[in-house]
Amino acid sequence: MQSIHLKTTLLNSSLALLLMQSAGSNAYEHMHDHGDNPLLTYVLIDQLERQDGKENDPNISLDAQAWIGKDLNKFWLKTEITRSEGITQDAEIQALYSRAFTPFWDVQMGLRRDEKPLPTRDWAVIGVQGLAPYWFDVDAAVFIGRSGALAARFKAEYELLFTQQLILTPD
């Protein structure tokens with residue numbers, strides 16, 4: 001059985017935000033007044049697993065997100081896909097617009113599409129994502145379906161840094 005787990009993080013953005021907060025919120029606002037607002041990108045593959053399955057059909061699990069944008073405004077893509085024995089079990093993709101309302105927090109809104117399990121469902125999404133006190137990464141969202149159905153999701157994550165290269169992230 002073969003299993004791969006891959007996690008990447010972008011430390012430069014976190015350090016820059018920490019420095020801006022320690023210098024005060026005026027530094028955060030001041031930075032945007034002078035045109036120092038480059039186009040940035042970010043890709044996070046939180047989980048990528050492959051296991052050999054029956055009849056050479058691998059079991060695959062992917063949890064990834066990416067964004068492109070500037071400091072205050074970003075376009076996010078988030079996806080979660082699970083395949084087992086050659087059949088897609090779960091497939092979800094979110095396309096979100098994100099706007100920062102503080103140095104560590106963004107409000108997000110957009111669309112979510114569930115391809116699997118059937119029937120296909122479309123949702124409107126509104127949520128927040130950011131860094132809570134004591135360095136907890138938080139992602140909370142409310143989903144509103146076409147028929148008025150409501151769903152919610154809350155994720156929180158904390159990384160224990162033993163060294164700069166050895167990081168434990170409990171699931």
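Residues numbered from 1 in each chain as written. Predicted model: local features only at pLDDT ≥ 70, side-chain atom pairs only at ≥ 80, totals over all residues. Heavy atoms only, no water.

*Asks:* Honestly, the pairing of strand E8 (residues 150-157) in this entry has me stumped. Any pointers?
*Replies:* On a regular strand, each side chain points to the face opposite its neighbour's, so the side chains alternate between the two faces of the sheet. The sheet contact formed by strand E7 (residues 136-145) and E8 spans 8 bridges and is antiparallel. For Val138, the partnering residue across the bridge sits in E8 and is Ala156. Connecting E7 to the antiparallel partner E8 that follows it, the hairpin turn spans 4 residues, and Gly148 within it adopts a positive phi of roughly 90°. (Pairing = 2+ DSSP bridges. Helix = DSSP H or I, 4+ residues; strand = E, 2+ residues; numbered from the N terminus.)

*Asks:* Could you clarify how one ought to interpret the packing of aromatic side chains in this entry?
*Replies:* One pair of aromatic rings is described through two measures. These are the centre distance and the angle between the planes. For the structure on display, the rule yields 5 aromatic pairs. Note on Phe104 and Trp135: the rings are 6.4 Å apart at their centroids and 80° apart in plane angle, and the pair reads as edge-to-face. Here Phe104 is found in the loop between strand E4 (87-102) and strand E5 (105-116), whereas its partner Trp135 is found in the loop between strand E6 (121-132) and E7, with 31 residues between them in sequence. Given a relative accessible area of 43%, Trp135 falls into the partly exposed group. Following the ring pairs from residue to residue traces out a cluster consisting of Tyr42, Trp67 and Trp76. Here Lys74 stacks its cationic end above the ring of Trp67, 4.8 Å away from the centre of that ring. We note Arg112 situated over the ring of Phe143; from NZ or CZ to the ring centre the distance is 4.4 Å. (Phe/Tyr/Trp six-rings, centres within 6.5 Å; stacked < 30°, edge-to-face > 60°. Buried < 20%, exposed > 50% of the residue type's maximum accessible area, 1.4 Å probe, protein only. Lys NZ or Arg CZ within 6 Å of the ring centre and 35° of its normal.)

*Asks:* In this structure, what is going on with the sheet that holds E8? I would like to understand it.
*Replies:* Strand-to-strand pairing in sheets goes through backbone hydrogen bonds, with the strands running parallel or antiparallel. Read from one edge to the other, the open sheet built from 8 strands follows the order E1-E2-E3-E4-E5-E6-E7-E8, with strand pairing classed as antiparallel. Edge positions in the open sheet fall to strand E1 (40-51) and E8, since each of these has one partner strand only. Each strand of the sheet is rotated relative to its neighbour by a mean of 15°, with strand direction disregarded. (Axes fitted to C-alpha atoms, helices over the stretch in contact; angles between N-to-C directions.)

*Asks:* What exactly am I supposed to notice about the environment of Asp63 here?
*Replies:* Along the chain, Asp63 falls in strand E2 (residues 59-69). When its relative accessible area of 19% is taken as the criterion, Asp63 is described as buried. Residues Asp63 and Glu49, spaced 14 residues apart in sequence, show a C-alpha to C-alpha distance of 9.3 Å.

*Asks:* What should I look at first to understand the nonpolar core in this one?
*Replies:* Among the nonpolar cores identified, the biggest contains 9 residues, and these are Tyr42, Leu44, Trp67, Trp76, Leu96, Trp123, Val125, Ala141 and Phe143. Those elements giving two or more residues to this core turn out to be E1, E6 and E7. Discounting residues that sit within four places of it in the chain, Trp67 has contacts with Leu40, Thr41, Tyr42, Lys74, Phe75 and Trp76. (Core = buried A, V, L, I, M, F, W, Y, C linked by side-chain atoms within 4.5 Å. Contact = heavy atoms within 4.5 Å.)

*Asks:* Even after reading the chapter, I still don't get the environment of Leu161, so can you show me in this structure?
*Replies:* For Leu161, the position within the fold is in strand E9 (residues 160-161). For Leu161, a relative accessible area of 55% gives the class exposed. Aside from chain neighbours lying at most four places away, what touches Leu161 is Leu166 and Ile167.

Function cannot be inferred from these measures alone, as they are strictly geometric.
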